[in-house]
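# Coordinate analysis (summary)
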Amino acid sequence: MIRSDAPVLLEINDLCARVEDQPILKGVNLTIRSGEIHAVMGRNGSGKSTLSKVLAGHPAYTVTAGSVLYRGENLLELAPEQRARTGLFLGFQYPVEIAGVNNLEFLRVATNARRTEQGLDELDTFAFEDLVRERLGVVQMDPAFLERGLNEGFSGGEKKRNEILQMALLEPLVAILDETDSGLDIDALRIVAGGVNQLAGPDNATLLVTHYQRLLDLITPDYVHVMAAGRILRTGGKDLALELERDGYDWVDQELARLGAEPAEVG
Amino acid sequence: MPLLSVESQLPWLAELAGAPLPNRREEAWRFTDLAPLRDLEPTLLPVVDPLGGVPLPKGVSRLDPAEWAPLLDASLVATGSEAAWPVGLNRAADPQVLALRVTGEADPLELAWDAGSAKGLAALRVLLVLEPGSSLDVLQVVNSSGANCTSLITEVLLAENARLNLGVLALGHGMASLLAHVAVKQEPGSALSCTTATAGWGLVRLEPRVMQSAGSAQTRLRGLQMVDGQQLADTHSFMSFGGPAGELDQVHKVVANGSGRSVFNGAVKVPQAAQQTNASQLSRSLLLSDRARVDTKPELEIVADDVKCAHGATVSQLQANELFYLQSRGIGADQAAHLLLRGYCDEVLRELPAMASAWHPLARLLGDGA
Ligand SMILES: Nc1ncnc2c1ncn2[C@@H]1O[C@H](COP(=O)(O)OP(=O)(O)OP(=O)(O)O)[C@@H](O)[C@H]1O
Ligand SMILES: [Mg+2]
């Protein structure tokens with residue numbers, strides 16, 4: 001939902017970042033207001049996950065220029081955990097498996113970290129069980145997954161559902177979902193999309209990274225951005241995604257050539 | 001009962017054992033300096049029978065000396081450890097033998113000792129004889145909080161189709177030493193699961209040694225050793241297959257912090273007679289300090305040709321991507337590291353027999369309210 005008077009939640013200006021000595025983000029500009037749903041598309045290797053991880057504070061990436069304001073404050077000087085506690089959420093393209101760390105306990109510690117920041121009481125194990133059982137409904141996940149190690153032995157689709165369960169518990173202000181749709185079967189895609197729609201509201205915002213229109217059929221974006229070679233090359237409405245679906249990314253090379261930039265690597 | 005406190009050239013323990021302490025020129029002791037033992041108070045500490053005055057679990061009965069005498073040493077001999085120095089020391093200290101027979105499906109058994117803060121040597125000796133088809137969960141808990149040395153020998157005879165889940169939870173003290181042999185002889189069709197966890201000791205030498213006398217048995221070994229400060233923990237495991245179609249599934253984990261030193265040597269012998277053996281050994285070490293040191297070595301001796309043997313060894317720090325994943329959920333860096341460490345340890349600790357939970361091994365190993 002676009003409201004020009006809605007408060008800006010995230011404002012990315014000329015963001016450049018590198019990993020080791022390799023520049024990857026080369027001047028990203030993006031403004032997200034509350035209530036909005038943004039989709040970021042683009043070829044493999046264009047920098048979508050890098051942008052997501054830089055926003056979440058991944059230590060492997062160094063910001064070399066530009067700024068990111070989150071609710072008007074400098075996001076980049078916050079530790080990753082502080083970003084999360086204040087409502088920034090990253091749904092990982094490849095969620096990590098951590099054997100031995102119990103999923104339920106992890107979810108409780110994470111939820112309480114967020115609640116403490118919000119000035120709410122921490123939930124004890126019993127109160128948390130009630131909450132988590134309710135939120136499991138959002139992704140129609142089997143409670144048996146709570147007893148397992150964190151993502152340990154989860155299938156690709158199960159990991160993605162577990163990401164959305166975390167989102168449902170943490171109630172973020174800005175949710176960045178990096179290819180949450182990949183690896184999902186047809187029913188799971190519908191369920192996960194339903195969950196995201198249920199969680200999206202006038203006071204938060206969602207940034208979907210995706211390759212496929214089929215997700216955007218279920219979650220209608222207000223804006224669609226095309227990333228290429230570490231920047232946002234084009235922005236449009238939901239029709240832009242349909243156009244990409246039809247025409248592909250060939251135009252990207254011409255556009256980049258016109259800008260005098262290197263073409264994105266195809267990974 | 002205090003023993004000879006005569007001044008002598010030899011350390012008291014050497015005199016008692018009738019053999020000098022192993023030194024580091026011997027391959028099996030290359031990394032392990034027994035120096036802390038030289039200062040041990042020359043006293044034999046009285047040992048309380050952990051089953052004294054308590055009713056034995058269902059299916060467990062005591063063997064009388066006439067019954068156990070011919071069985072004693074059999075598993076030590078089978079596993080080639082009868083001449084090992086720690087075994088000689090234990091023998092010389094002449095502890096009472098706690099000899100138990102297990103029939104049918106026995107109820108769980110717990111054997112707990114605590115050397116406390118007394119100074120001297122505490123020697124313990126256990127013999128478990130599992131009859132054909134019997135099964136038992138047994139937890140041995142060894143504690144110490146002072147300048148003493150605990151010498152433990154646990155011998156096990158696992159008859160055909162017997163099943164044993166053996167746990168050793170040993171939580172010590174920076175001044176304390178532990179010398180432990182767990183020697184198991186397995187007959188075909190038997191299953192052994194042996195899980196050991198040690199932490200806090202100034203010095204540990206642990207030798208889980210298993211012989212499948214005719215193969216066709218299952219052996220599962222899990223080990224966790226934690227070192228911190230100036231501690232040294234050394235596990236020398238030994239597995240031998242005396243016949244075909246035996247299985248070994250071994251995981252040994254290390255947490256090395258402070259200036260701690262960890263040694264793991266995993267010997268696996270698969271002779272010609274042991275065709276169709278399926279053995280896997282994995283050693284994983286977590287280095288939490290750059291002053292800590294880890295030495296890990298598989299020692300595979302595989303002669304049979306139709307076998308599956310896998311081994312691997314990793315030494316690493318906490319995984320940055322795992323830490324970041326937890327942080328990205330609002331969990332602070334310290335707490336995230338703690339959670340990962342707990343998870344790492346718990347993978348072994350949760351395999352201890354169920355009654356171990358009453359000892360809160362995670363919390364005590366990590367020294368917190370985990
Ligand atoms: N840690 C890293 N080390 C080396 N190269 C990296 C690293 N992270 C990202 N890159 C490189 O940066 C570029 C952008 O990667 P990124 O993962 O952001 O792409 P993406 O747009 O998410 O692609 P995909 O659609 O395949 O998920 C790629 O060329 C990638 O190889
Ligand atoms: Mg990506």
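Residues numbered from 1 in each chain as written. Chains lettered and ligands numbered in written order. Predicted model: local features only at pLDDT ≥ 70, side-chain atom pairs only at ≥ 80, totals over all residues. Heavy atoms only, no water.

Along chain A, the regular secondary structure elements total 9 helices and 12 strands. Against the globule reference of 18 Å for 267 residues, chain A gives a C-alpha radius of gyration of 18 Å, in line with a compact fold. C-alpha atoms of chain A, sized along the principal axes, occupy 60 × 40 × 40 Å. A total of 267 residues make up chain A; the buried ones form 54% of that total. When contacts within chain A are restricted to residue pairs at least 6 apart in sequence, long-range pairs at least 24 apart make up 71% of them. Chain A carries 26 positive and 41 negative side-chain charges, and their two centres are separated by 2 Å. (Helix = DSSP H or I, 4+ residues; strand = E, 2+ residues; numbered from the N terminus. Rg over C-alpha atoms; globule rule 2.2 N^0.38 Å. Buried < 20%, exposed > 50% of the residue type's maximum accessible area, 1.4 Å probe, protein only. Contact = heavy atoms within 4.5 Å. Lys, Arg positive; Asp, Glu negative; His and termini not counted. Charge placed at Lys NZ, Arg CZ, Asp CG, Glu CD.)

All names here are of chain A. Relative to the 21 Å expected for 15 residues at 1.5 Å per residue, helix H4 (residues 125-139) spans 21 Å between its end C-alpha atoms, a close match to the ideal helical length. For H4, the secondary structure elements touched by its buried residues are helix H3 (103-117), helix H5 (156-170) and helix H6 (186-199). With a side-chain oxygen positioned 3.0 Å from the backbone nitrogen of Phe126, the residue opening H4 is Asp124. One or two residues past the end of H4 sits Gln140, with phi positive at roughly 45°. (Expected span 1.5 Å × (residues − 1). Polar contact = N/O pair within 3.5 Å; in protein donor to acceptor, adjacent residues only side chain to side chain.)

A few words on the interface of chain A and chain B. Counting residues at the interface gives 31 residues for chain A, matched by 20 residues for chain B. In total, about 2,000 Å² of surface goes out of reach between chain A and chain B, with carbon and sulfur atoms giving 65% of it. Put simply, chain A and chain B have 2 salt bridges between them. At the junction of chain A and chain B, the tally comes to 10 residue pairs in polar contact (both at pLDDT 80 or more). (Buried area = accessible area lost by both parts, 1.4 Å probe. Salt bridge = Lys/Arg side-chain N within 4 Å of Asp/Glu carboxyl O.)

What follows covers helix H1 (residues 48-56) of chain A. Residue and element names in this part refer to chain A. Among the 9 residues that make up H1, 8 are buried, leaving the element largely enclosed by the rest of the structure. All buried positions along H1 are accounted for by Lys48, Ser49, Thr50, Leu51, Ser52, Val54, Leu55 and Ala56. Two residues or fewer after H1 comes Gly57, characterised by a positive phi angle close to 95°.

Attention now goes to the coordination of the magnesium ion (ligand 2). All names here are of chain A. Surrounding the magnesium ion (ligand 2) are the protein donor atoms Ser49 (OG) and Gln93 (OE1), at 2.0 to 2.1 Å. Separated by 44 residues along the polypeptide, Ser49 in helix H1 and Gln93 in the loop between strand S6 (88-91) and strand S7 (98-102) bring together distant segments of the chain. According to the relative accessible area criterion, Ser49 is buried, its value standing at 18%. You can call Gln93 buried: its relative accessible area is 16%. (Donors = N, O, S within 2.8 Å, 3.2 Å for Na, K, Ca; no water.)

Bringing the sheet that holds strand S16 (residues 293-302) of chain B into the picture now. All names here are of chain B. The mixed open sheet is built from 9 strands, whose spatial order is S1-S2-S4-S6-S8-S10-S12-S14-S16. Strand pairing shows two members of the sheet lacking a second neighbour, strand S1 (60-62) and S16, which therefore form its edges. Across this sheet, the average inter-strand angle for adjacent strands is 10°, counted without regard to direction. Two elements, strand S14 (residues 261-270) and S16, share 10 bridges in a ladder whose sense is parallel. In the sheet register, Ser262 faces S16, and the bridge partner there is Val294. Running at roughly 100° to strand S4 (residues 120-130), helix H4 (residues 85-93) makes contact with S4, strand S6 (148-158) and strand S8 (177-186) of the sheet. (Pairing = 2+ DSSP bridges. Axes fitted to C-alpha atoms, helices over the stretch in contact; angles between N-to-C directions.)

Residue and element names in this part refer to chain A. Around ligand 1, the structure places 15 residues, and the nearest of them are Gly45, Lys48, Ser49, Thr50 and His211. The contact in question runs from an oxygen atom of ligand 1 to an N or O atom on the backbone of Gly47, over 3.0 Å. Gln93 has a polar side-chain atom sitting 3.1 Å from an oxygen atom of ligand 1. In isolation ligand 1 exposes 640 Å². Once the protein is present, 69% of that is buried. Tallying contributions element by element places H1 first for the shell around ligand 1, with 3 residues. (Near = heavy atom within 4 Å. Areas by Shrake-Rupley, 256 points an atom, 1.4 Å probe, with all protein chains shown as cover.)

Attention now moves to the confidence of the model for chain B. Residues and elements named next belong to chain B. Taken residue by residue, chain B gives an average pLDDT of 95. The fraction at 70 or more is 96%. For the stretch residues 1-8, pLDDT sits under 50, and the model shows 12 contacts to residues farther than four places along the chain or on other chains. The complex model carries a pTM of 0.89, and its ipTM stands at 0.95. (pLDDT = per-residue confidence, 0-100.)

Of note, the phi angle at Ala229 of chain A is positive, near 50°, even though the residue is not glycine. Positionally, Ala229 of chain A belongs in the loop between strand S11 (223-228) and strand S12 (231-236). The phi dihedral of Gln276 of chain B is positive, around 60°, even though this residue is not glycine. Mapped onto the secondary structure, Gln276 of chain B falls in the loop between S14 and strand S15 (278-287). A relative accessible area of 46% means that Gln276 of chain B is categorised as partly exposed.

To describe a pair of aromatic rings, one takes the distance between the centres and the angle between the planes. Summed over the entire model, instances satisfying the criterion amount to 4 aromatic pairs over all chains. Centroid distance Phe92 of chain A to Tyr325 of chain B: 5.0 Å. Interplanar angle 55°. Geometry classified as tilted. Separated into two different chains, Phe92 of chain A in the loop between S6 and S7 and Tyr325 of chain B in helix H5 (residues 320-327) make up a pair that spans both. Comparing Phe92 of chain A with Tyr325 of chain B shows no difference in burial state: the two are buried. Measuring from centroid to centroid gives 5.0 Å for Phe145 of chain A and Phe154 of chain A, while their planes differ by 65°, and the two rings are edge-to-face. With relative accessibility at 13%, the residue Phe145 of chain A sits in the buried group. By relative accessible area, Phe154 of chain A is classed as buried at 4%. Over the face of the ring belonging to Trp251 of chain A we find Arg234 of chain A, whose NZ or CZ atom lies 5.0 Å from the ring centre. Lying over the aromatic face of Tyr325 of chain B, Arg329 of chain B brings its terminal NZ or CZ to 5.1 Å of the ring centre. (Phe/Tyr/Trp six-rings, centres within 6.5 Å; stacked < 30°, edge-to-face > 60°. Lys NZ or Arg CZ within 6 Å of the ring centre and 35° of its normal.)

Moving on, we get to the environment of Ala144 of chain A. Residues and elements named next belong to chain A. Mapped onto the secondary structure, Ala144 falls in the loop between H4 and strand S8 (149-150). Looking at Ala144, the relative accessible area reads 44%, which means it is partly exposed. Placed 50 residues apart in sequence, Ala144 and Tyr94 show a C-alpha to C-alpha distance of 21 Å.

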